[in-house]
Amino acid sequence: MYLATMNCDENSACDWKDNEYLDFKELEEQIAQIVGNGNLEEMLRIQLSEVEMLQSMFSNPGEFCVYDYSVIADINEFVDGKCSIYPPRLDFTINLFMDKAKLEVCINLPHDYPASEPDIYVRSDKLDRNQQHILNSDLANYISTLERGEICTCSAISWLQENASRYHVESAKPRKDVNLSDESDTFFTRYWIYSHHIYSKIKRREILDLANEFSITGFCLPGKPGIICAEGLAGDCNEWWQKVKCMNWKKIMCKKKEVINLSSLSVNSLRKFSAFQEISFECSQSKSRECHMDMGELYRYLTEHNCSYVFKDYFGVDGKCSSNPQH
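- An unreviewed UniProt entry annotates the chain as RWD domain-containing protein 2A of Zootermopsis nevadensis.

Dropping the structure here:
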(Lines give C-alpha, C1' and ligand atoms only; values in the text may rest on other atoms or scores of the structure.)
Protein backbone atom coordinates (compact mmCIF):
# COMPACT_ATOMS: atom_id res chain seq x y z
CA MET A 1 0.00 0.00 0.00
CA TYR A 2 1.28 3.44 -0.88
CA LEU A 3 0.73 6.89 0.51
CA ALA A 4 1.15 10.02 -1.60
CA THR A 5 1.25 13.61 -0.44
CA MET A 6 -0.70 16.58 -1.76
CA ASN A 7 -0.35 20.30 -1.22
CA CYS A 8 -3.42 22.43 -0.50
CA ASP A 9 -3.94 26.06 0.28
CA GLU A 10 -6.90 28.37 0.43
CA ASN A 11 -6.48 29.76 -3.08
CA SER A 12 -5.40 26.80 -5.15
CA ALA A 13 -6.35 23.24 -5.89
CA CYS A 14 -4.54 20.29 -4.35
CA ASP A 15 -1.53 19.04 -6.32
CA TRP A 16 0.02 15.60 -6.12
CA LYS A 17 3.73 15.30 -5.39
CA ASP A 18 4.37 12.19 -7.45
CA ASN A 19 7.90 11.76 -6.13
CA GLU A 20 6.81 11.48 -2.50
CA TYR A 21 5.29 8.02 -2.34
CA LEU A 22 5.90 6.10 0.86
CA ASP A 23 5.41 2.40 1.52
CA PHE A 24 2.65 2.34 4.13
CA LYS A 25 4.35 -0.43 6.13
CA GLU A 26 7.19 1.99 6.79
CA LEU A 27 4.84 4.02 8.94
CA GLU A 28 4.76 1.23 11.52
CA GLU A 29 8.46 0.45 11.21
CA GLN A 30 9.76 4.02 10.91
CA ILE A 31 11.27 4.23 14.37
CA ALA A 32 13.18 1.00 13.88
CA GLN A 33 14.49 2.28 10.53
CA ILE A 34 15.60 5.65 11.88
CA VAL A 35 17.32 4.34 14.99
CA GLY A 36 18.45 0.86 15.92
CA ASN A 37 17.06 -0.79 19.02
CA GLY A 38 20.24 0.08 20.89
CA ASN A 39 19.87 3.78 20.15
CA LEU A 40 16.14 3.59 20.86
CA GLU A 41 16.81 2.02 24.25
CA GLU A 42 19.31 4.77 25.05
CA MET A 43 16.82 7.47 24.10
CA LEU A 44 14.16 5.90 26.29
CA ARG A 45 16.64 5.77 29.18
CA ILE A 46 17.24 9.49 28.70
CA GLN A 47 13.49 10.06 28.78
CA LEU A 48 13.14 8.14 32.04
CA SER A 49 15.97 10.17 33.57
CA GLU A 50 14.39 13.41 32.42
CA VAL A 51 11.00 12.44 33.85
CA GLU A 52 12.66 11.62 37.18
CA MET A 53 14.37 15.02 37.16
CA LEU A 54 11.10 16.82 36.34
CA GLN A 55 9.32 14.95 39.13
CA SER A 56 11.90 16.23 41.61
CA MET A 57 11.64 19.79 40.25
CA PHE A 58 7.84 19.83 40.38
CA SER A 59 7.25 17.78 43.51
CA ASN A 60 4.35 19.74 45.02
CA PRO A 61 0.93 18.05 44.88
CA GLY A 62 -0.73 18.57 41.50
CA GLU A 63 2.36 19.92 39.73
CA PHE A 64 3.52 16.77 37.92
CA CYS A 65 0.94 14.30 36.57
CA VAL A 66 1.56 11.15 34.52
CA TYR A 67 -1.46 9.94 32.56
CA ASP A 68 -0.59 6.26 33.01
CA TYR A 69 2.22 5.13 35.29
CA SER A 70 2.17 1.66 33.74
CA VAL A 71 3.83 3.23 30.67
CA ILE A 72 6.94 3.91 32.75
CA ALA A 73 6.99 0.25 33.78
CA ASP A 74 6.60 -0.78 30.11
CA ILE A 75 9.54 1.43 29.09
CA ASN A 76 11.71 0.03 31.88
CA GLU A 77 10.93 -3.51 30.72
CA PHE A 78 11.83 -2.57 27.14
CA VAL A 79 15.17 -0.91 27.96
CA ASP A 80 16.06 -3.83 30.28
CA GLY A 81 15.48 -6.29 27.44
CA LYS A 82 12.55 -7.99 29.16
CA CYS A 83 10.09 -7.06 26.40
CA SER A 84 10.58 -6.63 22.63
CA ILE A 85 7.31 -4.76 21.98
CA TYR A 86 7.73 -1.01 21.61
CA PRO A 87 6.19 0.65 24.68
CA PRO A 88 3.63 3.47 24.48
CA ARG A 89 4.91 7.04 24.48
CA LEU A 90 5.44 8.95 27.70
CA ASP A 91 2.52 11.30 28.22
CA PHE A 92 2.50 13.67 31.20
CA THR A 93 1.43 17.11 32.34
CA ILE A 94 3.23 19.81 34.33
CA ASN A 95 0.96 22.37 35.97
CA LEU A 96 2.61 25.76 36.37
CA PHE A 97 1.05 28.21 38.84
CA MET A 98 2.05 31.79 38.04
CA ASP A 99 0.43 35.07 39.09
CA LYS A 100 -2.83 33.35 40.06
CA ALA A 101 -2.94 31.70 36.62
CA LYS A 102 -2.55 28.00 35.96
CA LEU A 103 -0.76 26.76 32.85
CA GLU A 104 -1.40 23.14 31.91
CA VAL A 105 1.72 22.06 30.00
CA CYS A 106 0.96 18.77 28.29
CA ILE A 107 3.99 16.82 27.06
CA ASN A 108 4.16 13.76 24.84
CA LEU A 109 7.59 12.29 24.04
CA PRO A 110 8.18 10.46 20.73
CA HIS A 111 10.16 7.24 21.06
CA ASP A 112 13.16 8.87 19.38
CA TYR A 113 13.17 11.99 21.58
CA PRO A 114 15.55 13.78 22.18
CA ALA A 115 16.63 13.14 18.57
CA SER A 116 13.24 14.59 17.58
CA GLU A 117 11.17 17.38 19.08
CA PRO A 118 8.85 16.75 22.03
CA ASP A 119 5.14 17.28 21.51
CA ILE A 120 4.20 20.11 23.91
CA TYR A 121 0.87 21.91 24.12
CA VAL A 122 -0.27 24.52 26.66
CA ARG A 123 -3.77 25.23 27.97
CA SER A 124 -5.01 27.81 30.44
CA ASP A 125 -8.45 28.95 31.55
CA LYS A 126 -6.98 32.47 31.71
CA LEU A 127 -6.26 32.48 27.99
CA ASP A 128 -8.86 32.81 25.26
CA ARG A 129 -8.54 30.71 22.13
CA ASN A 130 -6.56 33.31 20.22
CA GLN A 131 -4.10 33.94 23.06
CA GLN A 132 -3.64 30.20 23.54
CA HIS A 133 -3.08 29.73 19.81
CA ILE A 134 -0.39 32.45 19.70
CA LEU A 135 1.34 31.12 22.82
CA ASN A 136 1.54 27.59 21.45
CA SER A 137 2.72 28.81 18.06
CA ASP A 138 5.52 30.85 19.66
CA LEU A 139 6.45 27.96 21.95
CA ALA A 140 6.68 25.59 18.95
CA ASN A 141 8.91 28.10 17.15
CA TYR A 142 11.17 28.33 20.21
CA ILE A 143 11.43 24.53 20.53
CA SER A 144 12.38 24.29 16.84
CA THR A 145 15.45 26.45 17.53
CA LEU A 146 16.80 24.09 20.22
CA GLU A 147 19.48 21.57 19.33
CA ARG A 148 18.23 18.09 18.56
CA GLY A 149 19.77 15.33 20.63
CA GLU A 150 19.64 17.43 23.80
CA ILE A 151 16.81 17.26 26.32
CA CYS A 152 14.65 20.34 25.96
CA THR A 153 11.49 20.04 28.08
CA CYS A 154 13.19 21.97 30.89
CA SER A 155 14.13 24.71 28.42
CA ALA A 156 10.52 24.85 27.20
CA ILE A 157 9.25 25.13 30.78
CA SER A 158 11.74 27.91 31.52
CA TRP A 159 10.63 29.76 28.38
CA LEU A 160 7.01 29.54 29.55
CA GLN A 161 7.86 30.77 33.03
CA GLU A 162 9.63 33.79 31.53
CA ASN A 163 7.18 34.61 28.73
CA ALA A 164 3.69 33.24 29.45
CA SER A 165 2.52 36.36 31.31
CA ARG A 166 2.88 38.37 28.09
CA TYR A 167 -0.02 36.45 26.57
CA HIS A 168 -2.51 37.31 29.33
CA VAL A 169 -3.92 40.52 27.89
CA GLU A 170 -7.37 41.91 28.51
CA SER A 171 -7.84 43.42 25.07
CA ALA A 172 -8.13 40.15 23.20
CA LYS A 173 -10.57 40.53 20.32
CA PRO A 174 -13.66 38.34 20.55
CA ARG A 175 -14.60 36.21 17.60
CA LYS A 176 -16.59 38.24 15.10
CA ASP A 177 -20.27 37.56 14.63
CA VAL A 178 -21.20 35.44 11.66
CA ASN A 179 -22.04 37.60 8.67
CA LEU A 180 -23.95 35.63 6.08
CA SER A 181 -22.96 38.14 3.41
CA ASP A 182 -19.30 37.32 4.01
CA GLU A 183 -17.94 35.27 1.11
CA SER A 184 -16.40 32.74 3.51
CA ASP A 185 -19.88 31.88 4.76
CA THR A 186 -21.48 31.34 1.36
CA PHE A 187 -19.45 28.18 0.86
CA PHE A 188 -19.47 24.80 2.56
CA THR A 189 -16.09 23.09 2.93
CA ARG A 190 -14.82 19.69 3.95
CA TYR A 191 -11.16 19.23 4.94
CA TRP A 192 -9.50 15.81 4.78
CA ILE A 193 -6.40 16.01 6.96
CA TYR A 194 -3.47 13.65 7.40
CA SER A 195 -1.05 13.69 10.33
CA HIS A 196 2.06 11.57 10.83
CA HIS A 197 0.51 10.56 14.15
CA ILE A 198 -2.03 11.69 16.72
CA TYR A 199 -1.34 10.35 20.20
CA SER A 200 -1.41 13.30 22.61
CA LYS A 201 -4.55 13.20 24.76
CA ILE A 202 -4.50 16.96 25.16
CA LYS A 203 -4.35 17.57 21.39
CA ARG A 204 -7.20 15.15 20.87
CA ARG A 205 -9.30 16.96 23.46
CA GLU A 206 -8.39 20.34 21.95
CA ILE A 207 -9.38 19.16 18.45
CA LEU A 208 -12.79 18.10 19.80
CA ASP A 209 -13.26 21.33 21.77
CA LEU A 210 -12.37 23.48 18.75
CA ALA A 211 -14.75 21.51 16.53
CA ASN A 212 -17.56 22.16 18.99
CA GLU A 213 -16.65 25.87 19.19
CA PHE A 214 -16.72 26.33 15.40
CA SER A 215 -19.76 24.09 14.68
CA ILE A 216 -17.57 21.57 12.85
CA THR A 217 -18.74 18.02 12.16
CA GLY A 218 -16.59 15.05 11.12
CA PHE A 219 -14.20 12.76 12.97
CA CYS A 220 -10.71 12.33 14.35
CA LEU A 221 -8.99 8.96 14.07
CA PRO A 222 -5.96 8.97 16.41
CA GLY A 223 -2.97 6.67 16.01
CA LYS A 224 -0.33 6.40 13.30
CA PRO A 225 -1.12 7.92 10.90
CA GLY A 226 -3.85 10.21 12.22
CA ILE A 227 -6.83 11.05 10.01
CA ILE A 228 -9.22 13.97 10.50
CA CYS A 229 -12.30 15.10 8.59
CA ALA A 230 -13.71 18.56 9.34
CA GLU A 231 -16.77 19.99 7.58
CA GLY A 232 -18.85 23.13 7.96
CA LEU A 233 -19.02 26.75 6.82
CA ALA A 234 -15.86 27.81 4.99
CA GLY A 235 -15.04 30.55 7.51
CA ASP A 236 -15.50 28.21 10.49
CA CYS A 237 -13.44 25.44 8.93
CA ASN A 238 -10.65 27.82 8.00
CA GLU A 239 -10.41 29.23 11.54
CA TRP A 240 -10.49 25.71 13.01
CA TRP A 241 -7.76 24.52 10.62
CA GLN A 242 -5.51 27.52 11.31
CA LYS A 243 -5.60 26.77 15.04
CA VAL A 244 -5.16 23.00 14.67
CA LYS A 245 -2.23 23.11 12.25
CA CYS A 246 -0.31 25.54 14.49
CA MET A 247 -0.14 22.93 17.25
CA ASN A 248 3.27 21.28 17.46
CA TRP A 249 3.08 18.49 14.84
CA LYS A 250 5.75 16.30 13.31
CA LYS A 251 3.79 16.41 10.06
CA ILE A 252 0.23 17.53 9.27
CA MET A 253 -1.35 18.52 5.97
CA CYS A 254 -4.65 18.97 4.20
CA LYS A 255 -4.78 16.12 1.68
CA LYS A 256 -8.05 17.15 0.05
CA LYS A 257 -10.43 20.07 0.35
CA GLU A 258 -14.00 20.01 -0.95
CA VAL A 259 -15.78 23.32 -1.58
CA ILE A 260 -19.50 23.65 -2.36
CA ASN A 261 -21.36 26.88 -3.09
CA LEU A 262 -24.28 26.99 -0.68
CA SER A 263 -26.59 28.94 -3.01
CA SER A 264 -30.04 27.71 -1.91
CA LEU A 265 -28.64 24.71 -0.02
CA SER A 266 -28.47 24.48 3.76
CA VAL A 267 -25.27 23.65 5.63
CA ASN A 268 -26.83 20.66 7.40
CA SER A 269 -28.04 19.13 4.13
CA LEU A 270 -24.43 18.93 2.95
CA ARG A 271 -22.94 17.40 6.09
CA LYS A 272 -21.91 13.75 5.90
CA PHE A 273 -21.52 13.60 9.69
CA SER A 274 -24.04 14.67 12.32
CA ALA A 275 -21.41 15.57 14.95
CA PHE A 276 -17.66 15.62 15.48
CA GLN A 277 -16.34 12.58 17.31
CA GLU A 278 -13.20 10.60 17.94
CA ILE A 279 -13.25 7.12 16.44
CA SER A 280 -10.94 4.15 16.97
CA PHE A 281 -10.09 1.07 14.91
CA GLU A 282 -7.26 -0.77 16.63
CA CYS A 283 -4.99 -3.04 14.65
CA SER A 284 -3.62 -5.95 16.71
CA GLN A 285 -0.87 -6.87 14.23
CA SER A 286 1.59 -4.26 15.42
CA LYS A 287 5.04 -4.43 16.98
CA SER A 288 4.03 -1.47 19.13
CA ARG A 289 1.49 -1.14 21.93
CA GLU A 290 0.39 2.12 20.39
CA CYS A 291 -2.77 2.34 18.32
CA HIS A 292 -2.25 1.79 14.59
CA MET A 293 -5.34 2.17 12.47
CA ASP A 294 -7.11 -0.74 10.77
CA MET A 295 -7.32 0.35 7.14
CA GLY A 296 -10.24 -1.95 6.36
CA GLU A 297 -12.30 -0.60 9.24
CA LEU A 298 -11.52 2.97 8.20
CA TYR A 299 -12.75 2.20 4.68
CA ARG A 300 -15.91 0.63 6.09
CA TYR A 301 -16.54 3.73 8.21
CA LEU A 302 -16.03 6.04 5.23
CA THR A 303 -18.38 3.90 3.13
CA GLU A 304 -21.10 4.14 5.80
CA HIS A 305 -20.86 7.93 5.56
CA ASN A 306 -20.85 8.05 1.74
CA CYS A 307 -17.28 9.26 1.41
CA SER A 308 -15.30 6.12 0.55
CA TYR A 309 -13.93 8.02 -2.47
CA VAL A 310 -11.46 9.84 -0.21
CA PHE A 311 -9.62 6.61 0.68
CA LYS A 312 -7.78 6.66 -2.65
CA ASP A 313 -6.94 10.35 -2.16
CA TYR A 314 -5.26 9.42 1.12
CA PHE A 315 -3.49 6.20 0.20
CA GLY A 316 -3.32 5.97 -3.59
CA VAL A 317 -5.25 2.67 -3.78
CA ASP A 318 -8.87 1.61 -3.74
CA GLY A 319 -10.16 0.66 -0.30
CA LYS A 320 -11.34 -2.72 0.90
CA CYS A 321 -13.44 -3.53 3.94
CA SER A 322 -11.87 -5.48 6.80
CA SER A 323 -12.79 -9.17 6.98
CA ASN A 324 -13.43 -8.75 10.70
CA PRO A 325 -15.92 -5.89 11.08
CA GLN A 326 -15.96 -4.23 14.48
CA HIS A 327 -19.42 -2.70 14.17
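From this point on, the discussion continues.
## Points about the nonpolar core
Turning to step 1, where the next piece is worked out: Counting 39 residues, the largest nonpolar core has Phe92, Ile94, Leu96 and Val105 as its most contacted members.
Turning to step 2, where the next piece is worked out: Counting only elements with at least two residues in this core, the list comes to helix H2 (37-57), strand S3 (64-66), helix H3 (70-79), strand S4 (90-98), strand S5 (101-109), strand S6 (119-123), helix H4 (129-145) and helix H5 (153-163).
Turning to step 3, where the next piece is worked out: Apart from residues lying up to four places away in sequence, Val105 is in contact with Phe92, Thr93, Ile94, Leu96, Ile120, Tyr121, Val122, Ile157 and Leu160.
Turning to step 4, where the next piece is worked out: Within the second largest apolar cluster, 23 residues are counted, among which are Ile202, Leu210, Ile216 and Trp241.

## Focus on helix H7 (residues 234-245)
Turning to step 1, where the next piece is worked out: Look at H7: 16 Å from first C-alpha to last across 12 residues, which is about the 16 Å you get at 1.5 Å a residue.
Turning to step 2, where the next piece is worked out: Residues of H7 that are buried: Ala234, Gly235, Asp236, Cys237, Trp240, Trp241, Lys243 and Val244.
Turning to step 3, where the next piece is worked out: Of the surrounding elements, those touching the buried residues of H7 are H4, strand S7 (187-195), helix H6 (201-213), strand S9 (226-233) and strand S10 (252-261).

## Overview of the state of the cysteines
Turning to step 1, where the next piece is worked out: Per the counting criterion, the structure on display carries 0 disulfides.
Turning to step 2, where the next piece is worked out: The thiol of Cys229 is unpaired, and the distance to the nearest cysteine sulfur, on Cys307, comes to 6.2 Å.

## With respect to the sheet that holds strand S11 (residues 276-278)
Turning to step 1, where the next piece is worked out: Taken in spatial order, the 5 strands of this open sheet run S10-S7-S9-S8-S11, and their pairing is mixed. Each of the sheet's edge strands pairs with one partner strand only, and the pair in question is S10 and S11. Taking each pair of neighbouring strands and ignoring which way they run, the sheet shows an average axis angle of 15°.
Turning to step 2, where the next piece is worked out: By the bridge criterion, 5 bridges tie strand S8 (residues 217-221) to S9 in an arrangement that is antiparallel. If you follow Cys220 over to S9, its bridge partner there is Ile228.

## Looking at the side chain of Ser195
Turning to step 1, where the next piece is worked out: On the secondary structure map, Ser195 appears in strand S7.
Turning to step 2, where the next piece is worked out: Look at Ser195 and you get buried, because its relative accessible area is 1%.
Turning to step 3, where the next piece is worked out: In terms of polar contacts, Ser195 uses its side chain to reach the backbone carbonyl oxygen of His197, at 2.8 Å.
Turning to step 4, where the next piece is worked out: Not counting residues within four places of it along the chain, the set of residues in contact with Ser195 comprises Pro225, Gly226, Trp249, Lys251 and Ile252.

## What about the packing of aromatic side chains?
Each pair of aromatic rings is reported with the distance of its centres and the angle of its planes.
Turning to step 1, where the next piece is worked out: The tally for this structure, following the rule as stated, stands at 14 aromatic pairs.
Turning to step 2, where the next piece is worked out: Aromatic pair Tyr314 and Phe315: ring centres 5.7 Å apart, planes at 35°, arrangement tilted.
Turning to step 3, where the next piece is worked out: Among the aromatic residues, those joined into a ring-pair cluster are Trp192, Phe219, Phe273, Tyr299, Tyr301, Phe311, Tyr314 and Phe315.
Turning to step 4, where the next piece is worked out: The ring of Trp249 carries Lys203 above its face, with NZ or CZ at 4.0 Å from the centroid.
Turning to step 5, where the next piece is worked out: Sitting over the face of the ring of Tyr194, Lys255 holds its NZ or CZ atom 5.8 Å from the ring centroid.

## A few points about the environment of Ile134
Turning to step 1, where the next piece is worked out: Among the secondary structure elements, Ile134 is positioned in helix H4.
Turning to step 2, where the next piece is worked out: Overall, Ile134 belongs to the partly exposed group, its relative accessible area being 35%.
Turning to step 3, where the next piece is worked out: Taking the C-alpha atoms as reference, Ile134 lies 9.0 Å from Lys243; in sequence the two are 109 residues apart.

## Topic: the pattern of salt bridges
Turning to step 1, where the next piece is worked out: Inspection of every chain in the model, using the stated rule, returns 11 salt bridges.
Turning to step 2, where the next piece is worked out: Among the ionic pairs, Arg123 bridges to Glu206, the shortest N-O distance being 2.4 Å. Residue Arg123 is located in strand S6, and its partner Glu206 is located in helix H6; the two are separated by 83 residues in the primary sequence.
Turning to step 3, where the next piece is worked out: Judged by its relative accessible area of 17%, Arg123 is buried.
Turning to step 4, where the next piece is worked out: Overall, Glu206 belongs to the buried group, its relative accessible area being 2%.
Turning to step 5, where the next piece is worked out: Residue Glu258 is joined to Arg190 by a salt bridge in which the shortest nitrogen-to-oxygen separation is 3.3 Å. Placement of the pair is Glu258 in strand S10 and Arg190 in strand S7, with a sequence separation of 68 residues. Comparing Glu258 with Arg190 shows no difference in burial state: the two are buried.

## Let's talk about the packing of H4 against H5
Turning to step 1, where the next piece is worked out: Taken N-terminus to C-terminus, the directions of H4 and H5 make an angle of 135°; their axes are 10 Å apart at the nearest point. Relative to H5, the element H4 is oriented oblique. Relative to H5, the crossing made by H4 is right-handed. In this structure, H4 uses Leu135, Asp138, Leu139, Tyr142 and Ile143 to contact H5, whose residues at the interface are Ser155, Ala156, Trp159 and Leu160.

Reading the values: the criteria
- Residues numbered from 1 in each chain as written.
- Predicted model: local features only at pLDDT ≥ 70, side-chain atom pairs only at ≥ 80, totals over all residues.
- Heavy atoms only, no water.
- Core = buried A, V, L, I, M, F, W, Y, C linked by side-chain atoms within 4.5 Å.
- Buried < 20%, exposed > 50% of the residue type's maximum accessible area, 1.4 Å probe, protein only.
- Helix = DSSP H or I, 4+ residues; strand = E, 2+ residues; numbered from the N terminus.
- Contact = heavy atoms within 4.5 Å.
- Expected span 1.5 Å × (residues − 1).
- Disulfide = S-S within 2.5 Å.
- Pairing = 2+ DSSP bridges.
- Axes fitted to C-alpha atoms, helices over the stretch in contact; angles between N-to-C directions.
- Polar contact = N/O pair within 3.5 Å; in protein donor to acceptor, adjacent residues only side chain to side chain.
- Phe/Tyr/Trp six-rings, centres within 6.5 Å; stacked < 30°, edge-to-face > 60°.
- Lys NZ or Arg CZ within 6 Å of the ring centre and 35° of its normal.
- Salt bridge = Lys/Arg side-chain N within 4 Å of Asp/Glu carboxyl O.
- Parallel < 35°, antiparallel > 145°, perpendicular 65-115°, else oblique.
- Left-handed = near helix turned anticlockwise from the far one by under 90°.

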